[in-house]
Amino acid sequence: MTRAAAIARAEAYFDDGGFESDLARRIAIASTSQEETARPTLRRYLADEIAPSLEALGFSADILDNPEPGGPPFLLAKRDEPGTLTLLSYAHGDVVRGLDEGWRDGLSPWSMARRGDRLYGRGSADNKGQHSVNLGALAAVIAERGGLGFSMKMVFEMGEEVGSPGLRALAAGAPGARLGADLFIASDGPRLAPDRPTIFLGSRGGEPVELAVELREGAHHSGNWGGALANPATLLSAAIASIVDRRGTILVPELRPALPESVRRALAGLELSGGPGGPAVDAGWGEPGLTPAERVYGWNSFEVLALHAGTPENPVNAIPGSARAHCQLRFVAGTDADDIGPAIRRHLDRAGLPQVEVRARSGGRFAATRLDPDHPWVGWAKRSIERTTGAPPAVLPNLGGSLPNDVFADILGLPTIWVPHSYPGCSQHAPDEHLLAPVAREGLAIMAGLFWDLGEPGAGPRPP
């Protein structure tokens, strides 16, 4: 009964084909939350796949209706081992649309296929493959030790891909009392690089911002009116150029965050990489004086997602009557999310651009969270992963993207640690989504080591 034996069990689960068999069965359930016709499969994934898998590990499992009318269901599971620390974990079983026609020949989103070191299928990376790794590691520890050595709770949602409807209400309401714990560990998102085990401690937020200039009905001939009529596209371009300069530097003071020293230390020496097929970092882009890792994981970015004026598909000699841009601020913890729109409005007024409207868009906001990289639980997790892999993991203060981590960090008040088992080039949300077999196998070892260490007497920084 040893740590090494538990890790060996987890690796054997992969080597003997058990992991691929379980993942293939889960991928075959087309649990897309973006299509109304697929709603029955959301509950079926929980009832037919996840609940039996957890019950086989000694968990009780209850499927709950969403507190928001029409929202997808949740599953709450619990395994009690009295007198011990309690861990909370999270996963989502919903996926995005299959986009069946876009997959390469011989591949299907709903049928797992292995090609070399890649395990293809919708959800292989996001998130079925990742929670399959964690379930496999739990099974290995329970089989070796005869128990976990700690109590554990899990929450599965089926609406992460549509904004996690009802998750915050669930945590804040009566069922949320069932989620009380001492620590949160879960898996989603990508590693820093395929060969670099990673932990991240929160997520960047996202705020949609629409800029619009509406001056008149219809367009007017540019020869007859050029030089006499204000051009909405020109005003919109000037507005964007006043918010962010030609190298992507944010010019609105209120949208420029602080960069704590603990974050700088955590990101020191880390290189941003998309892996094979991923984009290369653009030299000279972003906030001066910061590394690419600091710009993505420790700073804010203002991005223009779409622009429209006139008829781009068929330009004519006419001054458009209106123009609009769909933008987004990706922001880190410490940014006042409620002041993003008002700050841009004040900035445009100072710049002499009152014609440019700043419109709030309902939905689409993601909260920013970050556990301090110097938190004792972070050091504990780093030591566990280094003991398993022989090298220290990359520690990201937050994911560059967004997750509902505010539910666990802000509503439930837990220290949050995410251990991802994917990589940036996984084609998440696109055709040919895949999980890398070596990353999955190493993930099983890492999680078995973490769960084993958590169950050791006196292990980890216990709360007062």
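Predicted model only: the values in this text are computed from it and were never measured.

Cut-offs used in this document
Residues numbered from 1 in each chain as written. Predicted model: local features only at pLDDT ≥ 70, side-chain atom pairs only at ≥ 80, totals over all residues. Heavy atoms only, no water. Phe/Tyr/Trp six-rings, centres within 6.5 Å; stacked < 30°, edge-to-face > 60°. Helix = DSSP H or I, 4+ residues; strand = E, 2+ residues; numbered from the N terminus. Buried < 20%, exposed > 50% of the residue type's maximum accessible area, 1.4 Å probe, protein only. Axes fitted to C-alpha atoms, helices over the stretch in contact; angles between N-to-C directions. Parallel < 35°, antiparallel > 145°, perpendicular 65-115°, else oblique. Left-handed = near helix turned anticlockwise from the far one by under 90°. Contact = heavy atoms within 4.5 Å. Nonpolar A, V, L, I, M, F, W, Y, C, P; charged D, E, K, R; others polar. 1 Å grid on protein atoms, 1.4 Å probe; cavity = no way out; pocket = protein on both sides within 12 Å on 5 of 7 lines; lining within 4 Å. Points joined across faces, edges and corners; volume = space filled by probe spheres on them. Pairing = 2+ DSSP bridges.

1. Notes on the packing of aromatic side chains
Taken as a whole, this structure holds nine aromatic pairs when the rule is applied. Geometrically, the ring pair formed by Phe 150 and Phe 451 is tilted, given 6.5 Å between the ring centres and 40 degrees between the ring planes. Of the two residues, Phe 150 sits in the loop between helix H4 (128–145) and strand S6 (151–157) while Phe 451 sits in helix H13 (residues 437–454), which places them 301 residues apart along the sequence. The exposure class assigned to Phe 150 is buried, which follows from its relative accessible area of 0%.

2. Some remarks on unusual backbone geometry
In this chain, Asp 126 is followed by Asn 127 through a cis amide linkage whose omega measures 5 degrees. As for its position among the elements, Asn 127 is in the loop between strand S5 (118–120) and H4. The backbone phi angle of Ser 164 is positive, close to 55 degrees, even though this residue is not glycine. For Ser 164, the location among the structural elements is in the loop between S6 and helix H5 (167–172). Backbone geometry places Ser 427, a non-glycine residue, at a positive phi of 60 degrees. Within the secondary structure layout, Ser 427 lies in the loop between strand S18 (416–418) and strand S19 (434–436).

3. Here we look at the packing of H4 against H13
In contact at an axis separation of 8 Å, H4 and H13 are set at 50 degrees when each is read in the N-to-C sense. Classified by the angle their axes make, H4 and H13 are oblique. Pair H4 / H13 crosses with right-handed handedness. Along its contact with H4, which presents Val 133, Asn 134, Gly 136, Ala 137, Leu 138, Val 141, Glu 144 and Arg 145, the element H13 presents Ala 440, Gly 443, Leu 444, Met 447, Ala 448, Phe 451 and Trp 452. Per-class residue counts for the contact of H4 with H13 are ten nonpolar, three polar and two charged.

4. Here we look at the layout of surface pockets
Quantified by volume, the second largest pocket comes out at close to 190 Å³. If you trace the second largest pocket, you find 14 residues lining it, with Tyr 13, Asp 22, Leu 135, Gly 136 and Ala 139 closest to the centre. Contributions of two or more residues to the lining of the second largest pocket are made by helix H1 (3–15), helix H2 (18–27) and H4.

5. A few points about the sheet that holds strand S15 (residues 357–359)
Ordered by their spatial adjacency, four strands build an open sheet running S12-S14-S10-S15, and the pairing between neighbours is antiparallel. Single-partner strands in this sheet number two, and they are strand S12 (301–309) and S15. Averaged over all neighbouring strand pairs, the angle between strand axes comes to 25 degrees, with direction disregarded. Of the strand pairs in this sheet, strand S10 (residues 205–214) and strand S14 (residues 322–331) are connected by ten bridges, and their pairing is antiparallel.

Read these as layout, nothing more, since geometry by itself doesn't imply function.
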